Amino acid sequence: MRATTIHAPYDVRVENVPEPVVQLSTDAVVRVLRACICGSDLWAYRGEAARRPGQRIGHEFLGLVEDTGSEVGTVRRGDLVVAPFMWSDGVCDYCREGLTSSCEHGGFWGSVGYDGGQGEAVRVPFADGTLVRLPKEAASDDHLLSALLTLSDVLGTGHHAALGAGARPGATVAVVGDGAVGLCAVLAARRLGAERIIALGRHDVRTDIARRFGATDVVAERGDAAVEAVRELTRGQGAHAVVEAVGTEQSMRTAVNIARDGGAIGFVGVPHGSGTGVDLRVMFDRNIALRGGVAPVRAYIPDLLPDVLDGSVDPSPVFDMTVGLEGVPEGYKAMDERTALKVLVTA
């Protein structure tokens, strides 16, 4: 089959690799219908996250079950399923508590020795704990498939950030970062009932999507100017709930400085370049909570899925470029150069 591999910084290829097969009784093999490129994939693409030459890449996909091991009971051949960006066994202490991202037997797609999502098919460990079955009729609805694909990562991650920040009815939410996760955090904050949502971003195409998703205000400034602008919008107090969806030291500093005393920050931006950390004394003095981390998206899918299916939540506009599998290297280039927000990969 064909699958995406990474060999060196800026060297992503689509190559022939062995077809996946069921290896363990708890496995399934999924034929991929839709995949996509994540902003976090760019850290490997740029050489800022180590990868072995030839390692698979990609962690967001949905598709049709092609084969299952003898112990798999929740999905069967022909089912349309979505996979969260990590596999999990569904039965360990962490999974039972809803923290599937800390599963004792979990892992990430594209890890050494495992398939990545940007390929024709994927072997799925712990299929019962990992895969979520979708309505079969969705397979013929391109728009719905795109929306459902976001359940594999960005919608659940945005939801995780909004929950961590304490988005709720009547609250003011500020979102630092205008990538796909930040935009999905805007959507999640609206879904959770936030009264006011301030999106921080300077790219018109992205902030237009933010407004479509529910942002009531847009702040294009950065750094101290952004802090001043948010404070001006909030009577000098800042936001009750702040989402940090970038991962840099500057973005975290901005998040802290625009948070209201007694507020919270939900951080889901993969940390990079933040060696000096944040000033805990500032957070201590102002009673600011910090929550977030790797989103347990498998635990969120059952809650989010009905709203995606009925169209009350439609995250599909985050995809602004579509390629076939052979076009994945161009998709990476486009996202790296910021000419694309998020690239959809079709079978």
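The protein chain is annotated in an unreviewed UniProt entry as IMP dehydrogenase of Streptomyces brasiliensis. Quoted verbatim from the Cofactor (unreviewed entry) field of UniProt, the annotation for the protein chain is "Zn(2+)".

**Student:** Residue-level account of the side chain of Ser88, with values.
**Tutor:** Secondary-structure assignment places Ser88 in the loop between strand E7 (86–87) and helix H2 (93–96). Once you skip the residues sitting within four places of it in the chain, Ser88 turns out to touch Cys95, Thr100, Cys103, Gly106, Phe126, Gly129, Thr130 and Arg298.

**Student:** Let's hear about the sheet that holds strand E1 (residues 2–8): which residues, and what values?
**Tutor:** With antiparallel pairing, 3 strands are arranged side by side in an open sheet as E2-E1-E4. Each end of this open sheet is capped by a strand with a single partner; those strands are strand E2 (11–16) and strand E4 (55–56). Taken together, the 6 bridges between E1 and E2 define a ladder with antiparallel strand orientation. Bridge assignment links Ile6 to a residue of E2, and that residue is Val12. Each of E1 and E2 touches helix H12 (residues 328–336); the most contacted strand, E2, lies at about 160 degrees to it.

**Student:** Talk me through a negative patch on the surface; I want residue IDs and the actual numbers.
**Tutor:** On the surface, a cluster of negative charge is made up of Glu221, Asp224, Glu228 and Glu232. Topologically, Glu232 is positioned in helix H8 (residues 223–233). Glu232 gets classed as exposed once you look at its relative accessible area, which sits at 65%.

**Student:** Describe the packing of aromatic side chains, naming the residues involved and giving the relevant values.
**Tutor:** A complete count under the given rule lists 6 aromatic pairs for this structure. In textbook terms, an aromatic cluster arises when at least three aromatic residues are bridged by ring pairs, as seen for Phe61, Trp87, Trp109 and Tyr114. Over the face of the ring belonging to Trp43 we find Arg46, whose NZ or CZ atom lies 5.4 Å from the ring centre.

**Student:** Please set out the side chain of Thr4 residue by residue, giving values where relevant.
**Tutor:** Among the secondary structure elements, Thr4 is positioned in strand E1. Not counting residues within four places of it along the chain, the set of residues in contact with Thr4 comprises Val12, Arg13, Val14, Gln55, Arg56, Ile57, Gln118, Leu325 and Val328.

**Student:** Before we move on, could you go through the sheet that holds strand E13 (residues 217–219) and cite the residues and values that matter?
**Tutor:** Taken together, the 6 strands give an open sheet; going across it, the order is E13-E12-E11-E14-E15-E16, and neighbouring strands pair in parallel fashion. The strands lining the two open edges of the sheet, one partner per strand, are E13 and strand E16 (289–292). Between one strand axis and the next, the sheet turns through 20 degrees on average, direction left out of account. Of the strand pairs in this sheet, strand E15 (residues 259–267) and E16 are connected by 4 bridges, and their pairing is parallel. Within the sheet, the bridge partner assigned to Ala264 lies in E16 and is Ala289. Seen against the sheet, helix H5 (residues 154–165) touches strand E14 (239–244), E15 and E16 and runs at an angle of roughly 155 degrees to E15.

**Student:** Mind laying out the nonpolar core, listing which residues take part and the relevant values?
**Tutor:** Membership of the largest hydrophobic core comes to 53 residues, with the highest contact counts inside it found for Leu62, Leu148, Leu151, Leu155, Val308 and Val318. If we skip the residues at most four places from it in the chain, Leu151 touches Val82, Val297, Ile301, Leu304, Leu305 and Val308. Of all hydrophobic cores here, the second largest spans 33 residues; its members include Ile6, Val30, Leu42 and Ala340.

**Student:** Explain empty space enclosed by the protein to me, and be specific about the residues and the numbers.
**Tutor:** Taken as a whole and assessed by the stated rule, the structure comprises 2 cavities of 30 Å³ or more. In this structure, the largest cavity encloses a volume near 60 Å³. Residue lining of the largest cavity: Val175, Gly177, Asp178, Gly182, Leu183, Val186, Ala199, Leu200, Gly201, Arg206, Thr207 and Ala210, and that is the complete set. Those elements that provide at least two residues to the lining of the largest cavity are helix H6 (180–191), strand E12 (196–200) and helix H7 (204–213). The space that makes up the second largest cavity amounts to roughly 50 Å³. Across the lining of the second largest cavity, the residue classes tally to 6 nonpolar, 3 polar and 1 charged.

Parameters at a glance
Residues numbered from 1 in each chain as written. Predicted model: local features only at pLDDT ≥ 70, side-chain atom pairs only at ≥ 80, totals over all residues. Heavy atoms only, no water. UniProt positions renumbered as here; feature names shortened; annotations may be inferred. Helix = DSSP H or I, 4+ residues; strand = E, 2+ residues; numbered from the N terminus. Contact = heavy atoms within 4.5 Å. Pairing = 2+ DSSP bridges. Axes fitted to C-alpha atoms, helices over the stretch in contact; angles between N-to-C directions. Patch = residues over 30% accessible without salt bridge, like charges linked within 9 Å, V, L, I, M, F, W, Y side chains within 5 Å. Areas by Shrake-Rupley, 256 points an atom, 1.4 Å probe, with all protein chains shown as cover. Salt bridge = Lys/Arg side-chain N within 4 Å of Asp/Glu carboxyl O. Lys, Arg positive; Asp, Glu negative; His and termini not counted. Charge placed at Lys NZ, Arg CZ, Asp CG, Glu CD. Buried < 20%, exposed > 50% of the residue type's maximum accessible area, 1.4 Å probe, protein only. Phe/Tyr/Trp six-rings, centres within 6.5 Å; stacked < 30°, edge-to-face > 60°. Lys NZ or Arg CZ within 6 Å of the ring centre and 35° of its normal. Core = buried A, V, L, I, M, F, W, Y, C linked by side-chain atoms within 4.5 Å. 1 Å grid on protein atoms, 1.4 Å probe; cavity = no way out; pocket = protein on both sides within 12 Å on 5 of 7 lines; lining within 4 Å. Points joined across faces, edges and corners; volume = space filled by probe spheres on them. Nonpolar A, V, L, I, M, F, W, Y, C, P; charged D, E, K, R; others polar.

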